Amino acid sequence: MDCIFCKIGKSEIPAHKVYEDKYCFAFLDIKPHAKGHTVVIPKKHAVTLFDLDDTSAKELLLGVKKVMTILQKKLSPDGFNVGWNQGSEAGQVVPHLHIHIMPRYIGDGGGSMHSIIKNPGELGVEEVAKKFK
Ligand code: 5GP
Ligand code: ZN
């Protein structure tokens, strides 16, 4: 398959590896938004989390925890933002699921998850809640 992240996961394309196990591969983002900005991918190709089997999904989260532990040890950040862009409308560019781990440092000028979007739409929380009943 002609997928750049599949190729990185198989070490067919070079990347600065941070961590690897049977299920996942983590490497430094080529255009970092923070010192140590790392992406963690499942080795199995999946465009989004919906496409990934449950075992790989569980292992991916364990991989994220391991990578965060490594970054904490090596770079001593003061916090992290962790997440992924799912779907092009949400900013996904590479169509292979990847979790961004962005180490945060005091005074780095960044925002929080809440700065991604501030547009709750027309419905109030009570009306949205009815959809889950
Ligand atoms: P997305 O917007 O799809 O969530 O983010 C894709 C990320 O992958 C971007 O942050 C981009 O810099 C990174 N990226 C894209 N191609 C490569 C590559 O070939 N090598 C590495 N190390 N990172 C890449
Ligand atoms: Zn892939």
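The structure we're discussing is the one just above.
Nothing here was measured: the structure is a model prediction, and the numbers come from that model.

1. A look at the nonpolar core
Next up, step 1: Val-40, Leu-60, Val-67, Ile-99 and Ile-101 are the most contacted members of the largest nonpolar core, which totals 13 residues.
Next up, step 2: Counting residues per element, this core draws most heavily on helix α2 (residues 54-75), at four residues.
Next up, step 3: Not counting the four nearest positions on each side in its chain, Val-40 is found in contact with Cys-24, Phe-25, Ala-26, Leu-60, Val-64, Val-67, Leu-97, His-98, Ile-99 and Ile-101.
Next up, step 4: One finds Phe-5, Cys-6, Phe-27 and Ile-41 within the second-largest nonpolar core, a separate group that totals eight residues.

2. Re the coordination of the zinc ion (ligand 2)
Next up, step 1: Taken together, Cys-3 (SG), Cys-6 (SG), His-45 (ND1) and His-96 (ND1) make up the protein donors of the zinc ion (ligand 2), found 2.0 to 2.3 Å from the metal.
Next up, step 2: Mapped onto the sequence, the donors of the zinc ion (ligand 2) take the spacing C-x2-C-x38-H-x50-H. Remark: His-96 occurs in the loop between β4 (79-83) and β5 (99-104) and His-45 occurs in the loop between β3 (38-42) and α2; sequence separation between them is 51 residues.
Next up, step 3: A relative accessible area of 29% means that His-45 is categorised as partly exposed.

3. Section: the packing of aromatic side chains
Next up, step 1: Here the structure, examined in full by the defined rule, presents two aromatic pairs.
Next up, step 2: An angle of 80° between the planes, with centres 5.3 Å apart, marks the rings of Phe-5 and Phe-27 as edge-to-face. With Phe-5 in helix α1 (residues 4-9) and Phe-27 in strand β2 (residues 24-28), this pair connects stretches of sequence that are 22 residues apart. For the residue pair Phe-5 and Phe-27, the accessibility class agrees, reading buried in each case.

4. Topic: the site of ligand 1
Next up, step 1: As a matter of local geometry, ligand 1 sits amid 15 residues, with Asp-29, Gly-91, Val-93, His-98 and His-100 nearest to it.
Next up, step 2: Here an oxygen atom of ligand 1 sits 2.4 Å away from a polar atom, N or O, in the side chain of Asp-29.
Next up, step 3: Note that an oxygen atom of ligand 1 is positioned 2.7 Å from one of the side-chain N or O atoms of His-98.
Next up, step 4: About the coverage of ligand 1: the protein hides 82% of its 530 Å² of free accessible area.
Next up, step 5: Listing elements by their share of the shell around ligand 1, those giving two or more residues are α1 and β2.
Next up, step 6: The element that contributes the greatest number of residues to the shell around ligand 1 is α1, accounting for three residues.
Next up, step 7: Of the residues belonging to the shell around ligand 1, the class tally is eight nonpolar, five polar and two charged.

5. A short note on the side chain of Thr-38
Next up, step 1: Note that Thr-38 resides in strand β3.
Next up, step 2: Taking relative accessible area as the criterion, Thr-38 reaches 0% and is therefore assigned buried.
Next up, step 3: A distance of 2.6 Å separates a polar side-chain atom of Thr-38 from the backbone oxygen of Gly-36.
Next up, step 4: Not counting residues within four places of it along the chain, the set of residues in contact with Thr-38 comprises Val-18, Ala-26, Phe-27, Leu-28, Asp-29, Val-67, Leu-71, Ile-99, His-100 and Ile-101.

Calculation notes
Residues numbered from 1 in each chain as written. Chains lettered and ligands numbered in written order. Predicted model: local features only at pLDDT ≥ 70, side-chain atom pairs only at ≥ 80, totals over all residues. Heavy atoms only, no water. Core = buried A, V, L, I, M, F, W, Y, C linked by side-chain atoms within 4.5 Å. Buried < 20%, exposed > 50% of the residue type's maximum accessible area, 1.4 Å probe, protein only. Helix = DSSP H or I, 4+ residues; strand = E, 2+ residues; numbered from the N terminus. Contact = heavy atoms within 4.5 Å. Donors = N, O, S within 2.8 Å, 3.2 Å for Na, K, Ca; no water. Phe/Tyr/Trp six-rings, centres within 6.5 Å; stacked < 30°, edge-to-face > 60°. Near = heavy atom within 4 Å. Polar contact = N/O pair within 3.5 Å; in protein donor to acceptor, adjacent residues only side chain to side chain. Areas by Shrake-Rupley, 256 points an atom, 1.4 Å probe, with all protein chains shown as cover. Nonpolar A, V, L, I, M, F, W, Y, C, P; charged D, E, K, R; others polar.

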